[in-house]
Each structure stands twice: as C-alpha cells, then as structure tokens.
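Below, each chain spelled out in residue letters.
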Amino acid sequence: MRPTCALIDLDAVAHNTRELKRIASPRAELMAVVKADAYGHGIREVAGTCLENGATRLGVAILDEALVLRSAGLDAPILVLGPLFPYQAETAVRSGVAATVSTPGEAAALGDAARRAGLVARVHVKVDTGMSRLGVFPDAAGAAAVERVASTPGVEVEGIYTHFAAADEADKSHARHQFELFLGFLDGLRRRGLEFPLRHAANSAALLDMPETHLDMVRPGVLIGGIWPSAEVRRIAGLRPAMALRTSVGFVREVPAGSTVSYGCTYRTASPAVLATLPLGYCDGYKRLLSNSAEVLVHGSRAPVRGRVCMDQTIIDVSDIPAVRAGDEVIALGRQGDEEVTADDLAALAGTIGYEIVTTVGRRVARLYVQGGRPFRLASQLGEWELSGWEDLPWHRANGAVSGPASARGPGSRLEG
C-alpha cells in the first residue's frame, strides 16, 4: 500500500460537534449532515462520532448514503436531503429513512410504499425560498400542495425546511429575505391548521451568523470537519481541522539549470535544483489547478510545487530543505511543525472553496482514522484494517521507527501489500 492517505482526526470531529452544539439554540436539535462521505472524511466514522457528541439526527444527500449508515448499525433518524425517485420509495420506507418531498406526487409514492409494507413514511417538506433547486414555492399553490402532502395516507410529515443560497456572504440580505418568506409561509400554514414538529433552515453559515434561524434544528455539514463555509462568516466557534493529506517522498534527484519539469514544460529551473517526486496527483484530489502555485510541507518547511500536477504524481522543489530522501513524510494539507497548509489556502489557489478540496480527495486515497493521538483504523480500496498504533503502518516502519510485522490485518494480507 502506498503511503498517500488522508488522516482523519475523530477527536477533532468530536470537539467540533460539541462546539457547534454549544453555539446552537438550546431548543434546537443538531442534525449532522454527512453527505458526500462526510465531506470526504468517512461517513460511517464521522456519523458515529457526531452522534456520540451531541448530534441527534443525520442528513445525507442520497438514499445510498443512508443505507450505508444503516448497514453500519446506526439507527438514528436520517433525512435524505435530495430527491427520491418512485422506485426508491419502498427501500426508504423499510429502512426507516425520512424523505424530502417537493410535490404531492412524491408523497403519494412514499405513502403507497408505506401502506404495502404496513409502515409509515416520514417526510420533510422542502420550501423553495430562493435557491431554485427543490421545494414548493411559498405561495397559495405551495400551501395547497403541503396540505395534500399532509393528508396523504401512510405519510407522516415530521418536518418542513428551506435552504439558504447565500448565508455564507457578509451581506445577509438575501438570506434574511429567504427566512422571512419561510416564516411567513409557516404562519399561513398554521392558519390552515398545519404545524410541524421540526422547522429548520440553518446550514453551517447560518448556524454561525444567524441565530434567529436556528428554530427546531440546525444542519451543520462542512463545519464538522473544521472547514469554514467562507472567509466572510464569523469564526465564533473554536473549530479544529479534522483532515490532513499526507504522503511520502518517492524519488529525489538533482537537475541542472535549464531543466524542464512535468507535462507541458511549464516550469524551467533557473539554477541547479533538487526535485522530489510525490505519489500524489489530481486523481487523488490534489488538483491540477495547484500546478506551479501550491506548497507542501517537508521537514517542517515549505516546498513549492514545480510544473504541472500529474494524474498520479507531483514534483516539488526541495533545494532549500537539507537532506530530503525517499520515504520522508510530506504534508499536502494540514500541519507539520509550525507550518500549516489549510483547505482555504488550496481553495484560493485553485479558484474554488474549501468544501471541494476535502470532498474530492479520491477513493484510492486511504483514510487513516486517529483517536487519542493514535491510529485505529485504515480504510482503503483494498479493505479495512484495525490498527494498534503508528507502528502498524508500513511507511512508518520503513523510516526506521519500528521493525517487524504489522499487527494490523486486512482481508488476507498485511498492510505491506
């Protein structure tokens, strides 16, 4: 197994969940949104940690994610935030997963499936107040649609919600307008005799900046991993980044002045240089847009990326860092010594957001889960291994820290594979 992996600090996830629960309204439940494999951090491990530290519900984007959580033995309430198709209704109902509905037809499909199974379909009605993605409009037709949903046999409406399009911006006027539309719609439904146990609107940014929107439940997502929604939100919570991306130097060579580096020859050395090749590329989520701009950490110092990031490898300049050799640890995201590369740093260079940096770390990058300062599980495409400590990792032993066979075991092989 190659030494490129994402280290996931579950102590940071636990801390962040408790901190978000602390700043939420006391009456608001906390739904941990763990879609997209918990923003690249690992859906099973992160969801379980959140539930142990104050979350009472889980949110996912698609039904498949909910089924992964159920197969992991998690029986907490789960809401699918994206649309369900009629053929998925029976699976959702039998799995005890709540669905988002935007039309009476969606509710009818769930109700039919529930009646056939002798169960009840739980749903949350989505209200489109300015995202133009899903939901009923907050008008008379929308109110009539909600009435039809609520009267659907076999269906229980346990919640109603909206989603902010720009709560992460300093100018909150659009978000406030959305919230006013939502509250006004709820008032109109109340006059029709419709009330809902769970009213929710606050995403990560609104949890931080708009306490009036917390209502009955808040829905933090990327904040759980210690990633800020944007540079414009108030950083009132003491959060810790939960993901680091590490690899090892694969090859070191000296090159003369005038040497071209990587595809397209976009970098040429101005003087003799020492270059190191890393087994990390854009297939792993280290974006091609970071070519000739990003820096990684080696021996606690910054080393610039030279040339284009390749699919599987990246070349860095270690001329100013003494005695770099193959096998040395490299941090592409995270902290090493006094230096740190953050998701926001990489996002700024790539012209994107921190969300994308962590969620696009590829499937072939193993996730190494750490708790109490020690790794306890390594999950990769090859399988999963339970670990007893750092000494179980082959790249750790290769640097002379430990000798002897790994105590960790996967499906029929040692970690050296």
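Residues numbered from 1 in each chain as written. Predicted model: local features only at pLDDT ≥ 70, side-chain atom pairs only at ≥ 80, totals over all residues. Heavy atoms only, no water.

Novice: Go over the sheet that holds strand E4 (residues 78–80), please, and point to the residues and values.
Specialist: Around the barrel, which closes on itself, the eight strands sit in the order E2-E3-E4-E5-E6-E7-E8-E9 with parallel pairing between neighbours. In terms of strand pairing, strand E2 (residues 29–33) meets strand E3 (residues 57–60) through three bridges, oriented parallel. Its bridge partner lying in E3, Ala32 is registered against Leu58. (Pairing = 2+ DSSP bridges. Helix = DSSP H or I, 4+ residues; strand = E, 2+ residues; numbered from the N terminus.)

Novice: So, unusual backbone geometry: which residues are in play, and what are the values?
Specialist: The phi angle at Leu215 is positive, at roughly 45°, despite the residue not being glycine. You can see Leu215 is positioned in the loop between helix H9 (204–209) and strand E9 (217–218).

Novice: Can you lay out the packing of aromatic side chains for me, pointing to particular residues and giving the numbers?
Specialist: Counted by the stated rule, this structure contains three aromatic pairs. Here the aromatic rings of Phe164 and Phe179 are separated by 6.4 Å at their centres, their planes lie at 65°, and the arrangement is edge-to-face. Placement of the pair is Phe164 in the loop between strand E7 (155–161) and helix H8 (173–191) and Phe179 in helix H8, with a sequence separation of 15 residues. For the pair formed by Phe164 and Phe179, the shared burial category is buried. (Phe/Tyr/Trp six-rings, centres within 6.5 Å; stacked < 30°, edge-to-face > 60°. Buried < 20%, exposed > 50% of the residue type's maximum accessible area, 1.4 Å probe, protein only.)

Novice: Describe the sheet that holds strand E11 (residues 251–255), listing the residues and the values that go with them.
Specialist: The antiparallel open sheet is built from three strands, whose spatial order is E11-E14-E17. What marks the edges here is a single partner per strand, and that holds for E11 and strand E17 (314–317). On average, adjacent strands in this sheet sit at an angle of 30° to one another, irrespective of strand direction. Pairing geometry for E11 and strand E14 (residues 273–278), over five bridges, is antiparallel. Across the sheet, Val255 pairs through a bridge with Ala273, a residue of E14. (Axes fitted to C-alpha atoms, helices over the stretch in contact; angles between N-to-C directions.)

Novice: Break down the side chain of Asp328 for me, citing the residues and quoting the values.
Specialist: Locating Asp328 in the fold gives a position in the loop between E17 and strand E18 (329–336). A polar contact is formed between the side chain of Asp328 and the side chain of His299, at a distance of 2.8 Å. (Polar contact = N/O pair within 3.5 Å; in protein donor to acceptor, adjacent residues only side chain to side chain.)

Novice: Lay out the confidence of the model for the protein chain with the relevant residues and their values.
Specialist: Taken as a whole, the protein chain shows an average pLDDT of 94; of its residues, 95% reach a score of 70 or greater. Contacts of residues 400–414 to residues separated by more than four positions or lying in other chains number 30 contacts, the stretch itself having pLDDT below 50. (pLDDT = per-residue confidence, 0-100. Contact = heavy atoms within 4.5 Å.)

Novice: Give a detailed account of the environment of Thr4, specifying residues and quantitative values.
Specialist: On the secondary structure map, Thr4 appears in the segment before strand E1 (5–9). Judged by its relative accessible area of 1%, Thr4 falls in the buried class. The spatial distance from the C-alpha of Thr4 to the C-alpha of Arg364 is 9.0 Å, given a sequence separation of 360 residues. Engagement of the side chain of Thr4 in a polar contact is seen with the backbone oxygen of Pro279, the distance being 2.6 Å.

Novice: Tell me about helix H7 (residues 140–150), residues and numbers included.
Specialist: For H7, every residue scored as buried is listed here: Gly142, Ala143, Ala145, Val146 and Val149. Buried residues of H7, viewed axially, fall in a sector of 160°; they line one side. For H7, the exposed residues lying more than 90 degrees away from the buried face are Ala140, Ala141 and Arg148. For H7, the secondary structure elements touched by its buried residues are strand E5 (98–101), helix H6 (104–117), strand E6 (121–126), E7 and H8. By the N-cap criterion, in which a side-chain oxygen at the helix start approaches the backbone nitrogen of a residue two or three places on, H7 is capped by Asp139, the distance to Ala141 being 3.2 Å. (Arc of directions from axis to C-beta.)

Novice: Kindly report on helix H4 (residues 63–71), identifying the contributing residues and their values.
Specialist: Within the sequence span of H4, burial applies to Leu63, Glu65, Ala66 and Leu69. Down the axis of H4, the buried set is contained in an arc of 160°. They therefore lie on one face. Buried residues along H4 sit against helix H2 (35–39), helix H3 (43–51), E3, E4 and helix H5 (89–94). Within two residues after H4, Gly73 carries a phi angle of roughly 90°, on the positive side.

Novice: Can you tell me about the environment of Gly73, naming the residues and giving the values?
Specialist: Tracing the sequence through the fold places Gly73 in the loop between H4 and E4. When the C-alpha atoms of Gly73 and Gly48 are compared, they prove to be 9.5 Å apart, with 25 residues separating the residues in sequence.

Novice: So what's going on with empty space enclosed by the protein? Which residues, and what values?
Specialist: Any empty space left between the atoms is revealed when a probe the size of a water molecule rolls over them. If you walk through the whole model with that rule in mind, you get two cavities of 30 Å³ or more. By volume, the largest cavity amounts to about 70 Å³. Lining the largest cavity are Val13, Val33, Val34, Ala38, Tyr39, His41, Val46, Gly221, Val222, Ile224, Gly225 and Ile227. Taken together, the residues of the lining of the largest cavity sort by class into nine nonpolar, three polar and no charged. Approximately 50 Å³ is the volume attributed to the second largest cavity. Lining the second largest cavity are Leu245, Gly285, Tyr286, Leu290, Leu333, Leu346, Ile357 and Val361. Residue composition of the lining of the second largest cavity, grouped by class: seven nonpolar, one polar and no charged. (1 Å grid on protein atoms, 1.4 Å probe; cavity = no way out; pocket = protein on both sides within 12 Å on 5 of 7 lines; lining within 4 Å. Points joined across faces, edges and corners; volume = space filled by probe spheres on them. Nonpolar A, V, L, I, M, F, W, Y, C, P; charged D, E, K, R; others polar.)

Novice: I'd like a description of the pattern of salt bridges, backed by residues and values.
Specialist: Side chains that carry opposite charge are capable of pairing whenever their charged atoms lie near each other. The full count for this structure, using the stated rule, is 29 salt bridges. We note a salt bridge from Glu339 to Arg302, for which the minimum N-O separation is 2.8 Å. Placement of Glu339 in strand E19 (residues 339–341) and of Arg302 in strand E16 (residues 301–304) is noted, with a sequence separation of 37 residues between them. In this structure Glu339 comes out as partly exposed when scored by relative accessible area, which is 27%. (Salt bridge = Lys/Arg side-chain N within 4 Å of Asp/Glu carboxyl O.)

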